[in-house]
Amino acid sequence: MEWMCHCSSFLLSPEKPNSACSLSLNYALVILNQSLPRFAPLLWDHAHVRVCADGGANRVYDEMPLFFPHQQPSHVRSRYKPDAIKGDMDSIRREVLDFYAKLGTKIIDESHDQDTTDLHKCVTYMRDLTPKVDGSEQCILVAGALGGRFDHEIGNINVLCRFSNTRIILLSDDCLIHLLPKNRHHKIFIQSSIEGPHCGLIPIGMPSGSSTTTGLKWDLKDTAMRFGGLISTSNVVKGEIVTVQSDSDLLWTISIKKL
Ligand SMILES: Nc1ncnc2c1ncn2[C@@H]1O[C@H](COP(=O)(O)OP(=O)(O)OP(=O)(O)O)[C@@H](O)[C@H]1O
Ligand SMILES: Cc1ncc(C[n+]2csc(CCO)c2C)c(N)n1
């Protein structure tokens, strides 16, 4: 079975490439309607395309200038201009919409669709926009996806499952989550300067019959996991590489360090 590599190098400065992992991904950023994580400007710099989900645009407008207290808010806002704002447009403020529309941001009003979330709508936009260019795979980073309202969090995790063939990483200030599809073996390069040691492996949607890992304090050895039985939470990464193989899709989560 083919290996799939994972590496959180998007949390490191773009000037400091990581030698251990040679993953070259084409990053896209979705900003949701929650407080921007402290590393939002870094994610913005890594991304080639940036989209706000509805009220996420208010966060960029209100909070990006707070990261640069010595610069004029209007300058910061023009520098951090989203490529698009997409959603059902019930949360974005009028002044924010007008501001970015004037700067040339594409506004995509999908208020007719009340069956999919704004994150779902943004992921569809990213996938349609970026066909596989020169073999480099797309990875969608989602800021503000965790913490806050539980129905939103679960809706965001459901997007990982609905688009299981697309690399999507949900982020908060405290941790990240992504899917490990069952049709691959996984090699996770731990960036110990910025992430870990706490981590988890969680079956989603259905019980998992057998999972095997290396590199964890409590490794799984052909272990079954299910809600109501064993799931691997409060696990700890031991070294620089974790490997995972499983007969079902698993969620991988790892803590992000407060520097
Ligand atoms: N508290 C939260 N926790 C996690 N994700 C959130 C939270 N609030 C918003 N989001 C994410 O940001 C997206 C845009 O937020 P927004 O508030 O514009 O959504 P919404 O469609 O108006 O939600 P609702 O109508 O349910 O309040 C949501 O689809 C969701 O993915
Ligand atoms: C069974 C069912 N439950 C909830 C909603 C509501 N809903 C789900 S996604 C969404 C858009 C949020 O921006 C809304 C309003 C629905 N349509 N169907």
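Owing to the predicted nature of the structure, the values given are computational and were not obtained by experimental measurement.

K.L.:
What is the right way to look at the layout of surface pockets in this model?
P.N.:
To locate leftover empty space, one rolls a probe as large as a water molecule over the atoms. By volume, the largest pocket is sized at about 530 Å³. Within the residue set of the lining of the largest pocket, elements represented by two or more residues are β1 (3–7), β6 (137–143), β7 (167–171), β8 (175–180) and β15 (250–256). Across the lining of the largest pocket, the residue classes tally to 16 nonpolar, 9 polar and 6 charged. A volume near 450 Å³ is recorded for the second largest pocket. Lining the second largest pocket are 27 residues, with L32, N33, D118, H152 and N156 positioned closest to its centre. For the lining of the second largest pocket, the element with the highest residue contribution is helix α6 (residues 150–162), accounting for 4 residues.

K.L.:
Got a minute to help me understand the UniProt feature "domain: Thiamin pyrophosphokinase thiamin-binding" (unreviewed entry) in the protein chain in this structure?
P.N.:
Per the UniProt record, "domain: Thiamin pyrophosphokinase thiamin-binding" (unreviewed entry) is annotated on residues 186–250. Span residues 186–250 is 0% helix and 54% strand, its end C-alpha atoms 11 Å apart.

K.L.:
Could you clarify how one ought to interpret the site of ligand 1 in this entry?
P.N.:
The environment of ligand 1 is made up of 18 residues, and the closest members are N33, D90, S91, R149 and N156. Take Q34: an N or O atom from its side chain is 3.2 Å from a nitrogen atom of ligand 1. R149 has a polar backbone atom sitting 2.9 Å from a nitrogen atom of ligand 1. In isolation ligand 1 offers 620 Å² of accessible surface; the protein chains occlude 81% of this area.

K.L.:
Just to check I follow, could you spell out the sheet that holds strand β10 (residues 195–203) for this structure?
P.N.:
Strand pairing in a sheet relies on backbone hydrogen bonds. The paired strands run either parallel or antiparallel. As summarised here, the arrangement of the 10 strands in space is β5-β4-β3-β2-β6-β7-β8-β15-β10-β13, forming an open sheet in which the pairing is mixed. The two strands at the open ends of the sheet, each matched to only one other strand, are β5 (106–109) and β13 (232–236). Averaged over all pairs of adjacent strands, the angle between their axes in this sheet comes to 20 degrees, without regard to strand direction. The pairing of strand β2 (residues 25–31) with strand β3 (residues 49–53) spans 4 bridges and is classified as parallel. Each residue of the ladder has a partner; that of L29, found in β3, is R50. Running over the sheet, α6 touches β7, β8 and β15 and is turned about 165 degrees from β7.

K.L.:
Just checking my understanding: could you explain the site of ligand 2 for this structure?
P.N.:
Lining the immediate environment of ligand 2, one finds D88, Q114, D115, T116, T117 and D118. For ligand 2, a nitrogen atom lies 2.7 Å from a polar atom in the backbone of Q114. Here a nitrogen atom of ligand 2 sits 2.7 Å away from a polar atom, N or O, in the side chain of D115. In isolation ligand 2 has 450 Å² of accessible area, and contact with the protein removes 41% of it.

Reading the values: rules and limits
Residues numbered from 1 in each chain as written. Chains lettered and ligands numbered in written order. Predicted model: local features only at pLDDT ≥ 70, side-chain atom pairs only at ≥ 80, totals over all residues. Heavy atoms only, no water. 1 Å grid on protein atoms, 1.4 Å probe; cavity = no way out; pocket = protein on both sides within 12 Å on 5 of 7 lines; lining within 4 Å. Points joined across faces, edges and corners; volume = space filled by probe spheres on them. Helix = DSSP H or I, 4+ residues; strand = E, 2+ residues; numbered from the N terminus. Nonpolar A, V, L, I, M, F, W, Y, C, P; charged D, E, K, R; others polar. UniProt positions renumbered as here; feature names shortened; annotations may be inferred. Near = heavy atom within 4 Å. Polar contact = N/O pair within 3.5 Å; in protein donor to acceptor, adjacent residues only side chain to side chain. Areas by Shrake-Rupley, 256 points an atom, 1.4 Å probe, with all protein chains shown as cover. Pairing = 2+ DSSP bridges. Axes fitted to C-alpha atoms, helices over the stretch in contact; angles between N-to-C directions. Contact = heavy atoms within 4.5 Å.

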